[in-house]
Amino acid sequence: MDAWSVLLVLGLVCVASSARTLRVPVFEEVGERIGLRKYTLAPNKTEFKLENKYWGMSLCDVNRDGRYEMILGNHGDGLEFWWADKNDNYEFQSPGLYRRDIHGTACADLDNDGDLDVIVTRGGRNGKAPGTGLILEGLPPRDFQKLEEGGGEKFGLGEQFIRGRSAAFFDATGKGDLDLLYVNRRIPGTVDDIHLFYENMGDGRFAERKLGFELTNSAWFSLVDYNEDGYMDIILMLLTSIELWRGTGRFSFVKVENAFPNGGADIQGAHCNCEIDFDRDGDMDLYMARGRIKEDKIVSDILWEKRDNIYYPISEERGLPVGGRHYHATCGDFNNDGHVDIFVSRATLFKAAPIPDLLLMNLGDGSFRGVSGTALDRNLPPNSDGNNAMAYDYNLDGRLDVLVGRKNASWSLYENTSTRARNFNYILVRVGAPRASVFYPAVRRSPLNAMVKVTCDGVVHLRRVAASGQSHSQSYFDTLHFGLGSCQNVQKIEVKYAGGVTVQRTGNLRANRIFESGLYFPCLPNKAGKGCKETIQPCVSKRWLGYPNIEYEETTSPDMDPIYCPMTGRQF
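Cut-offs and rules
- Residues numbered from 1 in each chain as written.
- Predicted model: local features only at pLDDT ≥ 70, side-chain atom pairs only at ≥ 80, totals over all residues.
- Heavy atoms only, no water.
- Helix = DSSP H or I, 4+ residues; strand = E, 2+ residues; numbered from the N terminus.
- Rg over C-alpha atoms; globule rule 2.2 N^0.38 Å.
- Buried < 20%, exposed > 50% of the residue type's maximum accessible area, 1.4 Å probe, protein only.
- Contact = heavy atoms within 4.5 Å.
- Areas by Shrake-Rupley, 256 points an atom, 1.4 Å probe, with all protein chains shown as cover.
- Lys, Arg positive; Asp, Glu negative; His and termini not counted.
- Charge placed at Lys NZ, Arg CZ, Asp CG, Glu CD.
- UniProt positions renumbered as here; feature names shortened; annotations may be inferred.
- Domains from an automatic or database assignment.
- Buried area = accessible area lost by both parts, 1.4 Å probe.
- Salt bridge = Lys/Arg side-chain N within 4 Å of Asp/Glu carboxyl O.
- Polar contact = N/O pair within 3.5 Å; in protein donor to acceptor, adjacent residues only side chain to side chain.
- Disulfide = S-S within 2.5 Å.

(A) Quick look at the overall build of the protein. For the protein, the count of helices and strands is 0 helices and 44 strands. Computed over C-alpha atoms, the radius of gyration of the protein comes to 22 Å, within 12% of the 25 Å expected from 2.2 N^0.38 for 572 residues, which places it in the range of a compact globule. By its C-alpha atoms, the protein is 70 × 65 × 55 Å across when sized along the principal axes. Residues counted as buried form 63% of the 572 residues belonging to the protein. Within the protein, counting contacts between residues at least 6 apart in sequence, those at least 24 apart form 57% of the total. For the protein, the accessible area works out to roughly 21500 Å², and carbon and sulfur atoms hold 49% of it. In the protein, the 66 positive side-chain charges and the 76 negative ones have mean positions that sit 2 Å from each other.

(B) Expanded view of the UniProt feature "domain: ASPIC/UnbV" (unreviewed entry) in the protein. According to UniProt, the feature "domain: ASPIC/UnbV" (unreviewed entry) maps to residues 449-514 in the numbering used here. The straight-line gap between the two end C-alpha atoms of residues 449-514 is 20 Å; of that span, 0% is helix and 56% is strand.

(C) Geometry of the domain arrangement of the protein. When cut into domains, the protein gives domain 1 (27-40 + 51-416) and domain 2 (425-516). A separation of 20 Å is found between the C-alpha centroids of domain 1 and domain 2. The interface of domain 1 with domain 2 comprises 66 residues on the first partner and 36 residues on the second. Taken over both partners, the interface formed by domain 1 and domain 2 buries close to 3800 Å², and the fraction arising from carbon and sulfur atoms is 50%. At the boundary of domain 1 and domain 2, one finds 3 salt bridges. The partner of Asp177 in a salt bridge is Arg444, and the shortest N-O contact between them spans 3.2 Å. Joining domain 1 to domain 2, the criterion identifies 28 residue pairs in polar contact (both at pLDDT 80 or more).

(D) A look at the state of the cysteines. Evaluated as defined, the whole model comprises 4 disulfides. A sulfur-sulfur distance of 1.8 Å marks the disulfide that ties Cys456 to Cys487. Residues Cys456 and Cys487 are joined by a disulfide whose S-S torsion is about -85°; by sign, that bridge is left-handed. Of the two residues, Cys456 is situated in strand β35 (residues 451-456) and Cys487 in the loop between β37 (479-485) and β38 (489-496); the sequence distance between them amounts to 31 residues. The pair Cys456 / Cys487 is uniform in exposure class, with both members buried. Counting only cysteine sulfurs, Cys274 is the nearest neighbor of Cys272, a cysteine outside any disulfide, at a range of 6.9 Å.

Encoded structure:
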């Protein structure tokens with residue numbers, strides 16, 4: 001029996017490896033069971049025109065109940081909106097966006113009312129019918145209002161007609177509010193700015209600002225913080241090249257020429273990037289999925305190792321696939337061994353029989369191995385083709401699941417059903433605004449795009465409060481999954497927000513549970529936790545001596561002395 005032979009032992013799939021025995025996750029497709037079915041495209045008329053997907057989706061906790069809603073775009077066939085409930089099921093609500101040229105989506109709280117709203121970009125029929133972005137305004141407790149053409153003017157958005165492709169929110173200045181970036185295609189026959197950037201004024205209104213790369217004709221992008229200064233940078237993907245633009249913290253961006261070989265000019269076919277600390281050296285590397293450039297030219301994905309703020313290609317020495325059409329990738333620790341794995345969407349452009357997507361397991365020595373034999377490979381919808389996927393823990397059981405969107409097929413959710421084991425632990429961290437911001441508004445920050453470090457037995461595990469793979473759409477992942485391997489007690493959780501604000505919690509935090517860092521749930525100013533039953537104690541400038549059982553969140557900022565906020569430490 002060779003190294004690719006699959007053994008089923010105690011409900012786990014194991015593969016022999018030269019480095020160690022690799023624990024491969026077990027999956028079960030549960031879309032039908034949890035309510036994720038083919039949707040109603042128009043009133044009183046069920047249709048199944050599902051050939052279109054658009055390289056991504058948005059997963060966001062819209063109503064702030066601790067579960068991710070699904071906002072799923074089907075390109076020209078409309079948008080699906082699925083509400084999550086506490087029983088791990090989903091309920092469809094029609095956004096009323098039928099036969100729309102739907103592209104990227106993104107979530108944020110536009111009006112500061114506590115729940116999230118959704119930006120929807122539209123393509124404009126190849127530039128022949130450009131339009132404004134659409135907005136689904138979240139309403140309590142489980143509803144939204146569709147704002148059509150010009151409806152965005154309520155927020156200072158929606159006045160510009162665009163050929164929309166991608167959207168994302170991030171705090172460009174570190175002042176605590178999320179700004180909005182649209183990356184678009186050029187409208188034929190025009191010389192106007194292609195992309196739009198809006199500053200969040202903090203009062204539910206936005207104002208347009210200049211970028212620096214308004215005329216770069218890119219259709220999709222990813223957010224990274226390549227120099228780790230706390231301000232998000234932008235990788236523009238142009239099919240024939242990529243460009244990296246550094247955020248300055250002052251509503252401007254500067255092109256970086258030395259972070260990629262030849263400034264990125266020779267990197268063709270990039271479609272999606274996934275930040276991943278694959279070697280656990282304490283900084284974020286990058287996995288780049290690449291697809292077709294021309295019909296006769298195929299390129300390979302690239303694993304970029306970051307050293308001193310420069311990305312070096314190391315794919316060939318790490319066991320990664322050569323060739324293929326890969327349009328999306330998502331990263332996460334699927335087997336909880338403490339090493340981050342990669343899931344890659346593979347396509348044939350319908351020129352061959354459907355092929356399975358690719359699960360690349362991290363062997364723990366900096367290399368990867370593709371594995372097969374899981375439910376991800378079986379019963380592929382006939383005549384379907386790979387397009388996009390996202391890894392997340394939909395039922396909060398500590399095992400990372402995968403939502404897969406294949407062209408010519410319904411969306412599929414693969415639940416990770418691996419048997420729990422002693423040396424494969426996890427922790428889920430819910431990330432909110434700094435707890436100290438209740439009493440010190442100067443440290444108020446949005447958690448979106450914050451960097452989270454979990455230290456367990458001396459090993460630092462990194463995740464960003466963001467999608468685990470980005471191309472056209474942005475997910476708002478603020479409940480983060482960390483595989484811990486054999487470690488059973490976390491020593492520190494540290495969250496680095498924009499603008500130099502850092503919150504850390506130290507102690508003996510037991511694994512295999514959910515912890516809240518900061519204020520996740522929207523409550524009254526002196527309340528916190530799910531159900532808002534926890535009373536927030538006043539923050540102080542020094543730890544209370546003589547009370548060793550009190551746990552604290554310590555908040556630091558460049559402009560203030562440390563602030564200590566007592567907290568319960570219980571599971572949420």
